[in-house]
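A structural walkthrough
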Amino acid sequence: MIEVKHLIKSFDDKVVLKDISTIFEPGITNLIIGRSGSGKTVLMKNLIGLMQPDSGEIRYNGRNIIAMKKNELKLLRREMGMLFQGSALFDSMTVLENVMFPLTMFTKDSYKERCKRAMFCLERVNLKGAENLYPAEISGGMMKRSGIARAIALNPKYLFCDEPNSGLDPKTALLIDDLVSDITKEYKMTTVINTHDMNSVMNIGEKIIFINQGRKAWEGTKDEIMNVNNKALNDFVFASDLFRKVKETENLAEQEG
Amino acid sequence: MKALQNFGEYTLLIFRAIAIPERWSEFFKQTGKEIYKLGVDSVWIVIFISVFIGAVITMQISLNVNTPLVPQFTFGYVTREIILLEFSSTIMCLILAGKVGSNIASEIGTMRVTEQIDALDIMGINSANYLIMPKMVAFMVFIPVLSILSMFFGIIGGYLVGFISSDIITIANYELGLRYWFYPYTIVYSIIKSVVFAFIISSIAAYFGYNVKGGALQVGKASTNSVVMSSVMILTFDLILTQLLLT
Ligand SMILES: Nc1ncnc2c1ncn2[C@@H]1O[C@H](COP(=O)(O)OP(=O)(O)OP(=O)(O)O)[C@@H](O)[C@H]1O
Ligand SMILES: [Mg+2]
């Protein structure tokens, strides 16, 4: 569980996060949604400690990451996995070496054991057969899968995904969403996902936080999101024709029924 | 003011880079790779340039100081001094700043803009240490080899001139010049300088690469800036070190 309390973050004189409080629960997929530039990435970078907030608290099962000493933070980091927007695979390593990398750095396992664990993770994301290719030789979807495999190699308690399906076709995007969701359930991880894709919201949005201009404007589930009376959220949700039509059909059905 | 801030950031980064590696085995593996990439891959260009410059220096001196008042063996002597004192360290490092410096800056810069450095940080790895130290160590360890190769082949270049035309200089005179007033300390001096320059090139390039913000365009800019900055620093330190070591 990650608790965020009164988080404020500004750059120079521009306030990007304005007093955000929320809770990310384990075993479900927590989504942070909002328009481009609303502050999603900044929020996530604060969560994982790559940025320091101006004030507020971020508690990992009670432990405040902001007040942590270097060594404590380092230990906590072993419990985190992250999938980056561009996958951030190491170019100079093969897929297998990428997934093995955290194991090499942080475990005392033999090469054989590390290899076995890495292959297990690759199998989990359906990437068997690509282990000896370099990142430049695989597709965007495969890169995301490799990124997930690397993120879960050390069996993290917390998984962060920054726009896991940006740049993917809708079908592959859904596959990646499902994969992240399944893994979250399987290992009871606390998963936080940044997205502006309504498809993923409706697919895996078990808990959704809507950020608008740096403020938390709404919080709820995918079942509630279509029927909220909130101008900013409605603009976001019904920006695409598809969801507007879905909503209209629903309304019609209600009137008739 | 900005320069002072940059220097502060640079110092902090290098201090962060110089730390005990997370895994020694990984460090040695990386350093080995870097020695190959930064050092061994530069051998051919060093040899090529040194032979030509050695030959050209000998020819130029001979052609320009063509008077009976100056004995021919001095051409060999001057060639030796130029090559040992300045060419094999300073000029060679200026050239390598272009090759090795831009390589380091663009590699680390690319890792920055594609979030690979963030990925290291979130794993709890000291990214500065993991990425920068092997490059610095590798280049500083290998630069004496390049420097000595440069001396050797620069001298060979002078010989070639003697072989081709004894009007310019005879081999006997060239050899006499080479041996004339020779202090082995000049070689030590040159190697010390080149190691310092290797530190300057690799650390400045790493700093520029590590702090890239933006995309591919900024990576290119960072790599250009790092070459300019390290060239200026090499020349500045050339002056300082000459003052310290030779007077
Ligand atoms: N390092 C930084 N320095 C200054 N301003 C920043 C920095 N990082 C982000 N910002 C600003 O914070 C705001 C929020 O950016 P952020 O990257 O969090 O948006 P986002 O919601 O992730 O958008 P997107 O969906 O496009 O990724 C932007 O206006 C951006 O200009
Ligand atoms: Mg973002």
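Scroll up to find the structure this text is about.
Residue positions are counted from 1 within each chain, in the order its sequence is given. Written order determines the labels here, with chains lettered from A and ligands numbered from 1. For a predicted model such as this one, the threshold for reporting local features is a pLDDT of at least 70, and the threshold for listing and counting side-chain atom pairs is 80 or more; totals across whole chains, interfaces and linings nevertheless cover every residue. Calculation of side-chain values draws on the structure's entire complement of heavy atoms; hydrogens and water are dropped beforehand.

Focus: the overall build of chain B
Comment: elements are numbered from the N terminus, with helices defined as DSSP H or I runs of at least four residues and strands as E runs of at least two. Scanning chain B from terminus to terminus reveals 9 helices and 0 strands. In terms of overall dimensions, chain B has C-alpha extents of about 70 × 40 × 35 Å along its principal axes. Out of the 247 residues belonging to chain B, those deemed buried represent 49%. Put simply, of all contacts in chain B between residues at least 6 apart along the chain, 87% involve residues at least 24 apart. Using a 1.4 Å probe, the Shrake-Rupley method yields the accessible areas, and only the shown protein chains count as cover for residues. Taken as a whole, chain B presents about 11,700 Å² of accessible surface, with 74% of it coming from carbon and sulfur. When accessible area is computed with a 1.4 Å probe and restricted to protein chains, residues below 20% of their type maximum are described as buried, those above 50% as exposed, and intermediate ones as partly exposed. Contacts are assigned to residue pairs with any non-hydrogen atoms lying within 4.5 Å of each other.

Describing the nonpolar core
By size, the foremost hydrophobic cluster in this structure holds 79 residues, and its most contacted members are Ile2, Leu47, Tyr60, Met80, Phe101 and Phe160 of chain A together with Ile132 of chain B. Counting residues per element, this core draws most heavily on helix H4 (residues 73-113) of chain B, at 10 residues. Apart from residues no more than four positions distant in its own chain, Met80 of chain A is found in contact with Ile48, Tyr60, Ile65, Pro156, Tyr158 and Phe160 of chain A together with Ile122 of chain B. With 47 residues, the next largest nonpolar core counts Ile152, Leu159, Ile204 and Phe236 of chain A among its residues. In this text, buried Ala, Val, Leu, Ile, Met, Phe, Trp, Tyr and Cys residues form a nonpolar core when linked through side-chain atoms within 4.5 Å.

A word on the layout of surface pockets
In this structure, the largest pocket encloses a volume near 1,800 Å³. Definitions used throughout: a 1 Å grid over protein atoms alone; a cavity as a set of points that fits a 1.4 Å probe which cannot get out; a pocket as an open set with protein on both sides within 12 Å along at least five of seven lines; a lining residue as one with an atom within 4 Å of a point. Around the largest pocket, the lining comprises 48 residues; the ones closest to its centre are Leu50 of chain A together with Arg16, Arg112, Asp121 and Tyr210 of chain B. Those elements that place two or more of their residues in the lining of the largest pocket are helix H1 (40-47) and helix H2 (70-77) of chain A together with helix H1 (2-17), H4, helix H5 (116-122), helix H6 (127-164), helix H8 (185-210) and helix H9 (216-246) of chain B. For the lining of the largest pocket, the element with the highest residue contribution is H1 of chain B, accounting for 8 residues. Looking at side-chain class alone, the lining of the largest pocket contains 20 nonpolar, 14 polar and 14 charged residues. Grid points are joined across faces, edges and corners, and a volume is the space filled by probe spheres set on the points. Ten residues, namely Ala, Val, Leu, Ile, Met, Phe, Trp, Tyr, Cys and Pro, are considered nonpolar, four, namely Asp, Glu, Lys and Arg, are considered charged, and the remaining ones, Gly among them, are considered polar.

Points about the pairing of strand S3 (residues 29-33) of chain A
All names here are of chain A. Most of S3 is tucked away: 5 of the 5 residues are buried. Both faces of S3 are covered, namely the face carrying Thr29, Leu31 and Ile33 and the face carrying Asn30 and Ile32. The sheet contact formed by S3 and strand S8 (residues 190-195) spans 5 bridges and is parallel. Opposite Thr29, over in S8, you have Thr191 as the bridge partner. Being paired, for any two strands, means DSSP has found at least two bridges between them. Pairing geometry for S3 and strand S9 (residues 207-212), over 4 bridges, is parallel. The residue of S9 that forms the bridge with Ile32 is Ile209.

Remarks on the site of ligand 1
Residue and element names in this part refer to chain A. We call a residue near a molecule or strand when any one of its heavy atoms sits within 4 Å of it. Taken together, 13 residues are adjacent to ligand 1, and Lys14, Ser36, Gly37, Lys40 and Thr41 come closest. Between N or O atoms, a polar contact is any pair within 3.5 Å; within protein, one atom must be a potential hydrogen donor and the other a potential acceptor, and residues adjacent in sequence are included only when both atoms are from side chains. Separating an oxygen atom of ligand 1 from a side-chain N or O atom of Thr41 is a distance of 2.6 Å. Note that an oxygen atom of ligand 1 is positioned 3.4 Å from one of the side-chain N or O atoms of His196. Considered on its own, ligand 1 offers 630 Å² of accessible surface; in the complex 64% of this is hidden by protein.

Notes on the interface of chain A and chain B
Residue-level contacts link 24 residues of chain A with 16 residues of chain B. The term buried area refers to how much accessible surface (probe radius 1.4 Å) is lost by two components on association, counted for both of them together. For the pair chain A and chain B, the summed buried surface comes to about 1,900 Å²; carbon and sulfur atoms form 62% of the total. Contact with chain B buries area across many residues of chain A, yet Phe84, Phe90 and Met105 of chain A alone supply 29% of it, more than any other trio. In the sections that follow, a salt bridge refers to a side-chain nitrogen of Lys or Arg positioned within 4 Å of a carboxyl oxygen of Asp or Glu. Here chain A is connected to chain B by 2 salt bridges. Taken together, the links from chain A to chain B amount to 6 residue pairs in polar contact (both at pLDDT 80 or more). Here the element with the most residues in the side of chain A that touches chain B is helix H3 (residues 95-106) of chain A; it accounts for 5 residues. Residues that form the side of chain A that touches chain B fall into these classes: 13 nonpolar, 4 polar and 7 charged.

So, the pattern of salt bridges
A side chain of one charge can pair with a side chain of the opposite charge if their charged atoms are brought near each other. All told, the structure shown has 21 salt bridges over all chains when counted by the stated rule. The closest approach of N and O atoms between Arg59 of chain A and Glu57 of chain A, which form a salt bridge, is 2.9 Å. One salt bridge connects Lys74 of chain A with Glu22 of chain B, and the closest N-O pair in it is separated by 3.3 Å. Within this pair, whereas Lys74 of chain A is found in helix H2, its partner Glu22 of chain B is found in the loop between H1 and helix H2 (24-39), the two belonging to separate chains. Judged by relative accessible area, which is 30%, Lys74 of chain A ranks as partly exposed.

Focus on the packing of H6 of chain B against helix H7 (residues 171-179) of chain B
Two packed helices can be described by the angle between their axes and the distance between those axes. Residues and elements named next belong to chain B. The geometry of H6 relative to H7 is characterised by a closest axis approach of 9 Å and an angle of 155° between their N-to-C directions. Here H6 lies roughly antiparallel to H7, going by the angle between them. Here Gly154, Ile155, Gly158, Tyr159, Gly162 and Phe163 of H6 come into contact with H7, specifically with Ile171, Tyr174, Glu175 and Leu178. The axes are straight lines fitted to the C-alpha atoms, using for helices just the contacting stretch, and the angles between their N-to-C directions are given from 0 to 180°. An angle below 35 degrees is read as roughly parallel, one above 145 as roughly antiparallel, one from 65 to 115 as roughly perpendicular, and any other as oblique.

Structural notes on the sheet that holds strand S2 (residues 14-24) of chain A
All names here are of chain A. Pairing is antiparallel across the open sheet formed by 4 strands, whose spatial order is S2-S1-S4-S5. The two strands at the open ends of the sheet, each matched to only one other strand, are S2 and strand S5 (63-64). Alignment of strand S1 (residues 2-11) against S2, held across 7 bridges, turns out to be antiparallel. Each residue of the ladder has a partner; that of Val4, found in S2, is Thr22. Across the sheet, H1 lies against S1, S2 and strand S4 (55-60), angled at about 120° from S1, the strand it touches most.

Looking at the packing of H1 of chain B against H6 of chain B
All names here are of chain B. Packing of H1 against H6 leaves a shortest axis separation of 8 Å and a crossing angle of 90°. Regarding the angle of H1 to H6, the classification is roughly perpendicular. When H1 is examined against H6, the residues Leu13, Ile14, Arg16 and Ala17 are found in contact with a partner set consisting of Ala128, Asn129, Ile132, Met133 and Met136. Within the contact of H1 with H6, the residues separate by chemical class into 7 nonpolar, 1 polar and 1 charged.

Looking at empty space enclosed by the protein
Within this structure, the stated rule accounts for 2 cavities of 30 Å³ or more. Computed from the structure, the largest cavity encloses a volume of approximately 130 Å³. Lining of the largest cavity is provided by 13 residues; of these, Met80, Gly81, Arg150 and Ala151 of chain A together with Met123 of chain B occupy positions nearest its centre. Looking at the lining of the largest cavity, the elements with two or more residues in it are strand S6 (80-83) and helix H5 (140-152) of chain A together with H5 of chain B. Class assignment for the residues of the lining of the largest cavity results in 9 nonpolar, 1 polar and 3 charged. Volume-wise, the second largest cavity comes out at about 80 Å³. Taken together, Met105 of chain A together with Pro21, Glu22, Arg23, Glu26, Phe27, Gln30, Ile125, Asn126, Asn129, Tyr130 and Pro134 of chain B make up the lining of the second largest cavity. At the level of elements, H2 and H6 of chain B are the ones that each hand at least two residues to the lining of the second largest cavity. Looking at side-chain class alone, the lining of the second largest cavity contains 6 nonpolar, 3 polar and 3 charged residues.

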